[in-house]
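One-letter residues, chain by chain:
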Amino acid sequence: MTKAISGFSKLSKTEKITWLTTNFFNNSETATQTLTSYWNTDAKLQQLHDEFIENTITNYYLPLGVAPNFTINDTIYTIPMAIEESSVVAAASKAGKFWQERGGFKTTVLGTTKVGQVHFTYDGDKEDLQQYFDKITPKLNEDVEEITVNMKKRGGGIKNIALRDKTAAVDDYYQLHCTFETLDAMGANFINSCLEQFATTFKEGFEADARFRESGNTLDIIMSILSNYVPDCLVRAEVSCPVDQLTEKDIDGETFAKKFVQAVTIAEEEPYRAVTHNKGIMNGIDAVILATGNDFRAVEAGVHAYAARDGQYRSLTHASIKDGIFTFWMEIPLALGTVGGLTKLHPLVKWSMELLGNPSAKELMQIVAVAGLAQNFAALKSLTTTGIQQGHMKMHLMNILNQMNATPDEKQQTINHFKSNIVTHSAVVTFIDELRS
Ligand code: MEV
């Protein structure tokens, strides 16, 4: 057994698989077959995926589904969603249709500012540093001219560079806190390139400054990196309707609206509930982010920080009833791109973008926010009425049937049976066992 290896990345794909399957699996043939069965028969397409990351051995599929009937600011969208969780797309579709019949979703982009920072230490007089910063600022802008020229032509670029004194938190710690407008690009590369040039210019200028040479003070760059916390890259999504329009077959609109608002209030005040509540929002958000080739880790990190911005983790959504009108809304930070990255590279991302009418980053922010709001509406509607398990287990039924290798006929009989019976894992197993005996 050689479970450690050097030079793994230099092996061919086949050699990597041989090393893995012979060292970690009981049946290396089956383990190899599992991997190769997911290879694409189109060699060019496979090569594209191989080259996305290092050490690719196969493809990892997620279902790509769509949720139709989303009216957003009077335009109708079918939203692509890449996700493995059974009930998410069904819930989104239901919520889309529900609100389409009640005026649709209204959205506004409240800001598009992105942030990056150069973190550094300096051990001298604060006033001297401020004077040096004021003097060097024009050169900071000048030295990134080449990086920013195209972005500026399109109307974006650097918005501001500020010196921030953080010495109260960490000894000798300061920042260049920089803000950017990156238009349709998520902007990570653009921002990081600018920041690294700022750092070089800032350090070189410091070393060339006679005042600091005399004083013997030092300035050390610690790191230069964008921030995924983007509270000023913000979008608002909202639905509203008269309370009586919420009445459905088994639901009285007024009772439902009150309970719904209570559920949201609980999530605003109670962190244990808020985390699950927001997780449900991210079910919708991440699925669209993945389908459109954006970075869901970046969005997740920024969104959760925003949910805790006043020091307590709270619900991202809010709800009210005023003068007989039910309103449900969310403001959420989303730094997204519709150019660059995977957007023109991954065929399914390209497809998803076309399905959405090739949106700008601002439009995509609005669509993604709506998917999150819709998902939360669907979850709270189930939770405060039927409970979540009824719908959830119905969707999960197919997973249980697949685990049991059910035949098409067994599947059909089981689905028919559970139309009027409660789905639990053991009830399904018992039903199939009885069918088979
Ligand atoms: C499950 O993935 C998401 C929910 O738990 C969200 C919620 O509780 O609001 C249903």
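See the structure printed just above.
Note that this is a predicted model, so its numbers are computed, not measured.

Caption draft 1: Quick peek at the environment of glycine 205. Tracing the backbone through its elements, the reader meets glycine 205 in helix H7 (residues 188–208). Separated by 65 residues in the primary sequence, glycine 205 and leucine 140 place their C-alpha atoms 9.7 Å from one another. Not counting chain neighbours up to four residues away, the residues in contact with glycine 205 comprise Tyr132 and Ile136.

Caption draft 2: Layout of helix H16 (residues 425–436). With twelve residues, H16 ought to run about 16 Å at 1.5 Å a step, and its terminal C-alpha atoms sit 17 Å apart, in line with that. Three or more residues of H16 are buried, namely Val428, Phe431 and Ile432. Each buried residue of H16 sits inside an arc of 95° when the element is viewed along its axis, so together they form one side. Along H16, the residues that are exposed and aim more than 90 degrees away from the buried face are Ser426 and Glu434. Where H16 is buried, its residues contact helix H14 (389–403) and helix H15 (408–417).

Caption draft 3: Focus on the site of the ligand. Around the ligand sit Glu85, Arg273, Thr276, His277, Lys279, Gly280, Asn283, Ala379, Leu383 and Ile388, and that is every residue in its neighbourhood. Side-chain polar atom of glutamate 85 to an oxygen atom of the ligand: 2.6 Å apart, as the coordinates give it. Note that an oxygen atom of the ligand is positioned 2.9 Å from one of the side-chain N or O atoms of asparagine 283. For the ligand, whose free accessible area comes to 300 Å², the fraction covered by protein is 83%. Only helix H10 (271–291) and helix H13 (361–384) provide two or more residues apiece to the shell around the ligand.

Caption draft 4: Geometry of the sheet that holds strand E5 (residues 157–165). Across the sheet, four strands lie side by side as E5-E6-E4-E7; this open sheet has antiparallel pairing. Looking at which strands have only one partner, the edges of the open sheet turn out to be E5 and strand E7 (219–227). Neighbour-to-neighbour, the strand axes of the sheet open up by a mean angle of 15°, direction not taken into account. Sheet topology note: the strand E4 (residues 114–122)/strand E6 (residues 173–181) ladder contains eight bridges and is antiparallel. Paired with glutamine 117 across the two strands is histidine 177, which belongs to E6. Taken strand by strand, H7 contacts E4, E5, E6 and E7, and its axis lies near 165° from that of E7.

Caption draft 5: Spatial organisation of the pattern of salt bridges. Overall, the coordinates contain 19 salt bridges when judged by the stated rule. Residue glutamate 85 is joined to lysine 279 by a salt bridge in which the shortest nitrogen-to-oxygen separation is 2.9 Å. With glutamate 85 in the loop between strand E2 (75–82) and helix H4 (88–100) and lysine 279 in helix H10, this residue pair connects regions lying 194 residues apart in the sequence. Taking the relative accessible area as the measure of exposure, glutamate 85 reaches 23% and is therefore partly exposed. With relative accessibility at 39%, the residue lysine 279 sits in the partly exposed group. Close ionic contact of arginine 436 with glutamate 410 constitutes a salt bridge, the shortest N to O distance being 2.9 Å. In this pair, arginine 436 is assigned in helix H16 and glutamate 410 in helix H15, connecting sequence segments 26 residues apart. A single network of salt bridges, built from pairs that share partners, joins Lys97, Glu101 and Arg102.

Caption draft 6: Representation of the packing of helix H5 (residues 126–143) against H7 within the structure. Where H5 meets H7, the closest approach of the two axes is 9 Å, and the angle between their N-to-C directions is 130°. Considering their axes alone, H5 and H7 lie oblique with respect to each other. The two elements H5 and H7 cross, and the hand of that crossing is right-handed. Between H5 and H7, the residues in contact are Leu129, Tyr132, Phe133, Ile136, Lys139, Leu140 and Asp143 and Gln197, Phe198, Thr201, Phe202, Gly205 and Phe206, respectively. When grouped by side-chain class, the residues that make up the contact of H5 with H7 number eight nonpolar, three polar and two charged.

Caption draft 7: Quick peek at the side chain of threonine 179. Within the secondary structure, threonine 179 sits in strand E6. Threonine 179 sits in the buried class, given a relative accessible area of 16%. What threonine 179 contacts, discounting residues up to four positions off in sequence, is Thr113, Lys114, Val115, Ile158, Lys159 and Asn160.

Caption draft 8: Main features of the environment of histidine 119. Positionally, histidine 119 belongs in strand E4. Along the backbone, histidine 119 and leucine 290 are 171 residues apart, and their C-alpha atoms lie at a distance of 31 Å. Non-local contacts of histidine 119, meaning those with residues more than four positions away in its chain, are made with Tyr173, Tyr174, Gln175, Asp220, Ile221, Ile222, Met223 and Ile225. At 3.4 Å, the side chain of histidine 119 and the side chain of glutamine 117 are in polar contact.

What counts as what
- Residues numbered from 1 in each chain as written.
- Predicted model: local features only at pLDDT ≥ 70, side-chain atom pairs only at ≥ 80, totals over all residues.
- Heavy atoms only, no water.
- Helix = DSSP H or I, 4+ residues; strand = E, 2+ residues; numbered from the N terminus.
- Contact = heavy atoms within 4.5 Å.
- Expected span 1.5 Å × (residues − 1).
- Buried < 20%, exposed > 50% of the residue type's maximum accessible area, 1.4 Å probe, protein only.
- Arc of directions from axis to C-beta.
- Near = heavy atom within 4 Å.
- Polar contact = N/O pair within 3.5 Å; in protein donor to acceptor, adjacent residues only side chain to side chain.
- Areas by Shrake-Rupley, 256 points an atom, 1.4 Å probe, with all protein chains shown as cover.
- Pairing = 2+ DSSP bridges.
- Axes fitted to C-alpha atoms, helices over the stretch in contact; angles between N-to-C directions.
- Salt bridge = Lys/Arg side-chain N within 4 Å of Asp/Glu carboxyl O.
- Parallel < 35°, antiparallel > 145°, perpendicular 65-115°, else oblique.
- Left-handed = near helix turned anticlockwise from the far one by under 90°.
- Nonpolar A, V, L, I, M, F, W, Y, C, P; charged D, E, K, R; others polar.

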